[in-house]
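Structural description and commentary
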Amino acid sequence: AQSVSQHNHHVILSEAASLELGCNYSYGGTVNLFWYVQYPGQHLQLLLKYFSGDPLVKGIKGFEAEFIKSKFSFNLRKPSVQWSDTAEYFCAVRSSSASKIIFGSGTRLSIRP
Amino acid sequence: GAGVSQSPSNKVTEKGKDVELRCDPISGHTALYWYRQRLGQGLEFLIYFQGNSAPDKSGLPSDRFSAERTGESVSTLTIQRTQQEDSAVYLCASSPDREGLYTFGSGTRLTVV
């Protein structure tokens, strides 16, 4: 069965620090990969996605993620975080033959102003 | 409407009672998903509807859980004889297709006392 692992449950950074959130998945076939974000008091929303092509994908608000097939990873990065990036981040995967997305347990990101 | 609407936003119920949760998807979205998020955990897939096809019920945790959707409109998730372990936020998402670009609702927070 597919699964998604997010190893960091809570990350605390100062403003302007660089961010990398880890995400690993278990599935050997073709996958679609996602990062969703939930800002305080708001709905879950899509941050970025990878379907095919360039493994380095860019999303909203300066975020990017790199798909490394050999490592089954899809880590999220941002070179310089802002206080407004405080949120919970969910990595998710869908096999190309499946109908549903499997989500990781989430990483809470806290930014000190 | 402009987004996915869920009602009620909060529900407190006594153990053993039945509850019904409602999801109103974005007009024209053929795919509808229900997920559950227990405190401190990731999103757990429950059920998926796609148009008039038979739903994917593989995530329903027990026969106390059921869901219906009429065509491409409103869906209801029913939990019979609620138990304390059913306490969670129940999230609904809709998508224009099965590609995984979900729009989430704000969820229903269910507390079983």
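Residues numbered from 1 in each chain as written. Chains lettered and ligands numbered in written order. Predicted model: local features only at pLDDT ≥ 70, side-chain atom pairs only at ≥ 80, totals over all residues. Heavy atoms only, no water.

**With respect to the pairing of strand β7 (residues 75-79) of chain B**
Residue and element names in this part refer to chain B. The line we're drawing: The classification of residues rests on relative accessible area computed with a 1.4 Å probe and restricted to protein chains. Under 20% of the type maximum is buried, over 50% is exposed, and intermediate values are partly exposed. Helix numbering and strand numbering both begin at the N terminus, where a helix is a DSSP run of H or I of at least 4 residues and a strand a DSSP run of E of at least 2. Any two strands are treated as partners once DSSP identifies two or more bridges connecting them.
Among the five residues in β7, five count as buried, and that is most of the element. Both faces of β7 are covered, namely the face carrying Ser 75, Leu 77 and Ile 79 and the face carrying Thr 76 and Thr 78. Bridge count for strand β3 (residues 19-24) against β7 is five bridges, and the pairing is antiparallel. Bridge pairing in β7 links Glu 20 to Thr 78. Two strands pair when backbone bridges link them, and strand β6 (residues 65-69) and β7 are joined in this way by five bridges, in the antiparallel orientation. Paired with Ser 66 across the strands is Thr 78, a residue of β7. A loop of five residues connects β6 with β7, the two strands running antiparallel in sequence, and Gly 71 in this loop sits at a positive phi of about 60 degrees.

**Here's the deal with the state of the cysteines**
All names here are of chain A. Going by this rule: Any two cysteine sulfur atoms within 2.5 Å of one another count as a disulfide.
For the structure on display, the rule yields two disulfides over all chains. Here Cys 23 is linked by a disulfide to Cys 91, with a sulfur-sulfur distance of 1.9 Å. Across the S-S bond of Cys 23 and Cys 91 the torsion is about -70 degrees, and the bridge reads as left-handed. Note that Cys 23 is positioned in the loop between β3 (19-21) and β4 (24-26) and Cys 91 in strand β10 (residues 87-95), a separation of 68 residues in sequence. Residue Cys 23 shares its accessibility class with Cys 91, and that shared class is buried.

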